[in-house]
Amino acid sequence: MTTLLRLCLSFFKIGLFTFGGGLSMFPMLEREVITRRGWCTREEILDYYAVGQCTPGVIAVDVAAFIGYRQKKTLGAIVAPLCVVLPGVLLVLLMATLLQQVADVPAVRSAFAGIRVAVCALITVSLVNILRESVKRWWQLGVALASFAVVAVLGQNPAWVVLGAGLGGLFGSFGSFGKKKEK
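Attention in this report is confined to the structure presented alongside it. Quick caveat, the model's predicted, so the values are computed rather than measured.

Thresholds applied
Residues numbered from 1 in each chain as written. Predicted model: local features only at pLDDT ≥ 70, side-chain atom pairs only at ≥ 80, totals over all residues. Heavy atoms only, no water. Helix = DSSP H or I, 4+ residues; strand = E, 2+ residues; numbered from the N terminus. Contact = heavy atoms within 4.5 Å. Areas by Shrake-Rupley, 256 points an atom, 1.4 Å probe, with all protein chains shown as cover. Lys, Arg positive; Asp, Glu negative; His and termini not counted. Charge placed at Lys NZ, Arg CZ, Asp CG, Glu CD. Salt bridge = Lys/Arg side-chain N within 4 Å of Asp/Glu carboxyl O. Buried < 20%, exposed > 50% of the residue type's maximum accessible area, 1.4 Å probe, protein only. Phe/Tyr/Trp six-rings, centres within 6.5 Å; stacked < 30°, edge-to-face > 60°. Patch = residues over 30% accessible without salt bridge, like charges linked within 9 Å, V, L, I, M, F, W, Y side chains within 5 Å. Axes fitted to C-alpha atoms, helices over the stretch in contact; angles between N-to-C directions. Parallel < 35°, antiparallel > 145°, perpendicular 65-115°, else oblique. Left-handed = near helix turned anticlockwise from the far one by under 90°. Nonpolar A, V, L, I, M, F, W, Y, C, P; charged D, E, K, R; others polar. Disulfide = S-S within 2.5 Å.

### Side note on the overall build of the chain
Check the secondary structure of the chain and you find seven helices and zero strands. Ordered by position from the N terminus, the helices and strands of the chain form the series α-α-α-α-α-α-α. For the chain, the spread of C-alpha atoms along the principal axes amounts to about 65 × 45 × 30 Å. Taking the contacts inside the chain whose residues are at least 6 apart along the sequence as the reference set, 53% of them involve residues at least 24 apart. Of the roughly 11800 Å² of accessible surface on the chain, 69% is carried by carbon and sulfur atoms. Positive and negative charge centroids in the chain, built from 18 and 9 side chains respectively, lie 4 Å apart.

Listed below in structure tokens is the structure:
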């Protein structure tokens, strides 16, 4: 099977079985792209998420484009995002047709409530995994907590927070808090 077809099928599957957006797709993306296919490392995928957070559009599409480009250059950067959104587009068309007829059915409302709770759990698992991988020093935990507070409490734009944290990390690499202590 060609790499382009693998990209298409992998991202179609990720798009088909991921509910809740880019962050909730992280566990499935990790399994498919890192563990099963070996297309990138966990650190690289976290970098893709960080850049995707700073760029316009949907994180899932951005990450798919980055991984697609890494595998098959421009054609991969086109195919992977298309394949990750295709299942959603098809399901939305189907659901739009059906949902109008069953939106007020209590069982349907309950099913959506259950899906929302499951997505929260998936996002929490992703958050814990990302924190374990990304936070290695005390100042990084401080940046993570401050970033959370600035976005969640103060309601600031996440793109500015990510840009500021990136610049802080870059500046920190030149200062003492970015260096490993020698023993």
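Having seen the model, we can carry on.
### Structural notes on the pattern of salt bridges
A full pass over the atoms with the stated rule returns five salt bridges. Note that Arg 42 and Glu 30 form a salt bridge whose closest N and O atoms lie 1.8 Å from each other. Residue Arg 42 is located in helix H3 (residues 42-54), and its partner Glu 30 is located in helix H2 (residues 26-36); the two are separated by 12 residues in the primary sequence. Put simply, Arg 37 and Glu 32 hold a salt bridge, and the shortest N to O gap is 3.3 Å. Residue Glu 32 is classed as buried on the basis of its relative accessible area, which comes to 5%. Bridged by salt links that share partners, the residues Lys 13, Glu 32, Arg 36 and Arg 37 form one connected network.

### Examining the packing of aromatic side chains
Taken as a whole and assessed by the stated rule, the structure comprises two aromatic pairs. Aromatic side chains Phe 26 and Tyr 49 sit 5.2 Å apart centroid to centroid with 70° between the ring planes, which places their arrangement in the edge-to-face category. With a gap of 23 residues between them, Phe 26 in helix H2 and Tyr 49 in helix H3 connect regions that are remote in the sequence. Its relative accessible area of 1% is what places Phe 26 among the buried residues. On the basis of an interplanar angle of 35° and a centroid distance of 5.5 Å, the ring pair of Tyr 48 and Phe 66 is categorised as tilted. Taken together, the residues Tyr 48 in helix H3 and Phe 66 in helix H4 (residues 59-102) connect sequence positions 18 residues apart.

### Structural notes on a nonpolar patch on the surface
A contiguous nonpolar surface patch, about 770 Å² in accessible area, is contributed by Phe 19, Leu 91, Leu 94, Met 95, Leu 98, Leu 99, Val 102, Val 105, Phe 112 and Ile 115. Every element with two or more residues in the nonpolar patch is listed here: H4 and helix H5 (106-134). In terms of residues, the nonpolar patch owes the most to one element, H4, which gives six residues.

### Here we look at the packing of H3 against H4
Between H3 and H4, the shortest axis-to-axis distance is 9 Å and the interhelical angle comes to 130°. Overall, the two elements H3 and H4 adopt an arrangement that is oblique. The two elements H3 and H4 meet at a crossing, and its hand is right-handed. On H4, the residues that touch Glu 44, Ile 45, Tyr 48, Tyr 49, Val 51, Gly 52 and Gln 53 of H3 are Ile 59, Asp 62, Val 63, Phe 66, Ile 67 and Arg 70. Classifying every residue of the contact of H3 with H4 gives eight nonpolar, two polar and three charged.

### Overview of the state of the cysteines
Counted according to the given criterion, the structure contains zero disulfides. As a non-bridged cysteine, Cys 40 has Cys 83 as the owner of its nearest cysteine sulfur, 17 Å distant.

### Considering the side chain of Glu 30
Glu 30 sits in the buried class, given a relative accessible area of 13%. When sequence neighbours within four positions are dropped, the list of residues in contact with Glu 30 reads Thr 35, Arg 42 and Asn 129.

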